[in-house]
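# Topology and contacts: notes
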Amino acid sequence: MLLNRFKIKKLLFQHPLSTLRICVALISTLLFLGAFTHIFYPIPFLNIQMTPLIQRVFIDFTGTAFILLVCLILITVLLGRLYCSTLCPLGLYQEFLMFFSRHPNTLQKNQYGKYIIALFFWGTLLGGSVFFVRFLDPYTIAGGIFERLIPALIAITLITVLVFWKGRFFCTQICPVGTLLGLLSKYSMYRIRFRQNACVSCGLCVKTCPAGCIDISQQKVQNETCLKCLKCLSVCPKKALCYGRPVKQKIPFDTNRRRFLIQLSLITTGFLFACQSGKILAQKTAEKAKSILLPAGAVSIERFQNKCLNCNLCVQNCPMKIIKAAGNGFPTVHLSYGKSFCDYDCHRCSEVCPAGALKKMTLSEKQRTQIGLAVIDETKCVKCGHCVRICPRQAITKEKRKVPVVHHETCIGCGACQSVCPVGAIRIVPVERQKLLSREE
């Protein structure tokens, strides 16, 4: 068995396109691991994850995000689902597992349930809620593993079982991102196809395909579910499979097309229902949310809770380690100062957030964003004056032998004063809505 696996691995590197695809996938894996282990952060890479990118375009629009989304769509329309085999972290994880598991070996038919899942997933997201997104989005699941979040661990366990049972079944029949990309790539310009009269029906391509998308009896490849791993190109001894533009064929008239208007109306109704459900979910989760301290750029708990994907990239990349993952009564990512504080000269969390839950801002804007207010307990204060000396905005003043005074029109709630108070007389309370203070201090 080990020898067979070695042969398969060796074959994978025989076709130049397969070799190129594997090299890109390895680079993507290293970039993803580097970002989530705080070794380095490759901003362009994680900014092209599909779900965060779509959300950013709609809620925190930037020209860069729009261009990246258009590029991803064009690549998919032209070349097929390369995203799933080269950029998606959860897809790359499953690809790694495929070296130790058996392949489907049979053709997997399209399950219509995946379209319902995708419709509800994207509808609720555009409606304003990320409740379901956190359970199904591949990028969010992959990010949640590093913080050992229960939903992410449950999802990754189930996906692992699926890989050993049915190959990349999650990617082809469940994943809403994969379903969207599959629809875009169904009639892509470049696709894998059989050369005429070249196939000898040996079945090696079927055994190698992790998606179960090759129908050898009909000599067809289901382009919608094909992940463009390109493994079949390497194992075919007769080079009967090729990757290129399909032969043009006239598509005969299908009487089922008369159902188009009915299907379109059902899809539209379902999508509008999902959008409305997203709005209702967003309102209900906002009502239950506690008043918690949030990173600069979150704006408000209502907005942040319904935009944050819980990928925890900000948690992993915070140099002061004050950003904490959801849990212990907190519905989402939040700030917990303890003995630390928010560095006045750092806006890393805003830089790394790929979903727009934390608005992009300059360092100057972050330094003027009021996320909370310092409150001094006069009964505990020993009038040492440490808080006055450490405040980066001179928001605390003190007269001789008197309790320091916090000027709330200048205080941003960074927590520096709280961290140095020897008797715990200072605490930071969150503001209901973050605001940008004037430049004058």
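Structure: see above.
Residues numbered from 1 in each chain as written. Predicted model: local features only at pLDDT ≥ 70, side-chain atom pairs only at ≥ 80, totals over all residues. Heavy atoms only, no water.

Once that is clear, we can look at the overall build of the protein chain. Within the protein chain one finds 22 helices and 10 strands. Going through the 441 residues of the protein chain one by one, you find that 50% of them count as buried. Within the protein chain, counting contacts between residues at least 6 apart in sequence, those at least 24 apart form 73% of the total. Accessible surface computed for the protein chain: about 22,500 Å², of which carbon and sulfur atoms make up 63%. (Helix = DSSP H or I, 4+ residues; strand = E, 2+ residues; numbered from the N terminus. Buried < 20%, exposed > 50% of the residue type's maximum accessible area, 1.4 Å probe, protein only. Contact = heavy atoms within 4.5 Å. Areas by Shrake-Rupley, 256 points an atom, 1.4 Å probe, with all protein chains shown as cover.)

Oppositely charged side chains can form a pair if their charged atoms are brought close together. Across all of its chains, the model carries six salt bridges by this definition. Its salt-bridge partner being Glu224, residue Lys114 comes within 3.8 Å of it at the nearest N-O pair. Of this pair, Lys114 sits in helix H8 (residues 113-127) while Glu224 sits in the loop between strand S3 (220-221) and helix H15 (231-235), and the two are 110 residues apart along the sequence. Overall, Lys114 belongs to the buried group, its relative accessible area being 2%. (Salt bridge = Lys/Arg side-chain N within 4 Å of Asp/Glu carboxyl O.)

For the pair helix H4 (residues 50-59) and helix H5 (residues 63-79), the least separation of the axes is 9 Å and the interaxial angle reads 135°. It follows from the interaxial angle that H4 and H5 lie oblique. As for the relative orientation of H4 and H5, their crossing is left-handed in sense. Judged by residue contacts, Met50, Leu53, Ile54, Arg56 and Val57 of H4 engage Ala65, Phe66, Leu68, Leu69 and Leu72 from H5. Broken down by class, the residue content of the contact of H4 with H5 amounts to nine nonpolar, no polar and one charged. (Axes fitted to C-alpha atoms, helices over the stretch in contact; angles between N-to-C directions. Parallel < 35°, antiparallel > 145°, perpendicular 65-115°, else oblique. Left-handed = near helix turned anticlockwise from the far one by under 90°. Nonpolar A, V, L, I, M, F, W, Y, C, P; charged D, E, K, R; others polar.)

With that settled, consider the environment of Leu437. Position of Leu437 relative to the elements: it lies in the segment after strand S10 (426-436). The spacing of Leu437 and Glu365 is 72 residues in sequence and 8.6 Å in space, taken between C-alpha atoms. Discounting chain neighbours no more than four positions away, the residues touching Leu437 are Arg368, Gln370, Arg393, Glu409, Thr410, Cys411 and Ile412.

This part takes up the packing of aromatic side chains. Per the stated rule, a full pass over the model turns up 11 aromatic pairs. Relative to Phe36, the ring of Phe32 has its centre 4.7 Å away and its plane inclined at 40°; by these criteria the two rings are tilted. With Phe32 and Phe36 both in helix H2 (residues 16-36) and four residues apart, the pair spans about one turn of that helix. A single burial state applies to Phe32 and to Phe36, both of which are buried. Centroid distance Phe120 to Phe132: 5.1 Å. Interplanar angle 70°. Geometry classified as edge-to-face. Here Phe120 is found in helix H8, whereas its partner Phe132 is found in the loop between H8 and helix H9 (133-136), with 12 residues between them in sequence. With a relative accessible area of 27%, Phe120 lands in the partly exposed category. Phe132 sits in the partly exposed class, given a relative accessible area of 30%. Following the ring pairs from residue to residue traces out a cluster consisting of Phe32, Phe36, Tyr139 and Phe146. A cation over an aromatic ring shows up here: Lys166 above the ring of Trp165, its NZ or CZ 4.8 Å from the ring centre. (Phe/Tyr/Trp six-rings, centres within 6.5 Å; stacked < 30°, edge-to-face > 60°. Lys NZ or Arg CZ within 6 Å of the ring centre and 35° of its normal.)

The periodicity of an α-helix, 3.6 residues per turn, causes residues three or four positions apart to be oriented the same way. Of all 10 residues in helix H13 (residues 176-185), seven are buried; the element is thus mostly enclosed. Every buried residue of H13 is accounted for by Pro176, Val177, Gly178, Thr179, Leu181, Gly182 and Ser185.

A few words now on the packing of H4 against H8. Any two packed helices are characterised by how steeply their axes cross, that is the angle between the axes, and by the distance between the axes. Direction vectors running N to C along H4 and H8 enclose 35°, while the axes themselves pass 10 Å from each other. As H4 packs across H8, the resulting crossing turns out to be right-handed. Together, Thr51, Ile54, Gln55 and Phe58 of H4 and Phe121, Trp122, Leu125 and Leu126 of H8 make up the contact between the two elements. When its residues are assigned to classes, the contact of H4 with H8 shows six nonpolar, two polar and no charged.

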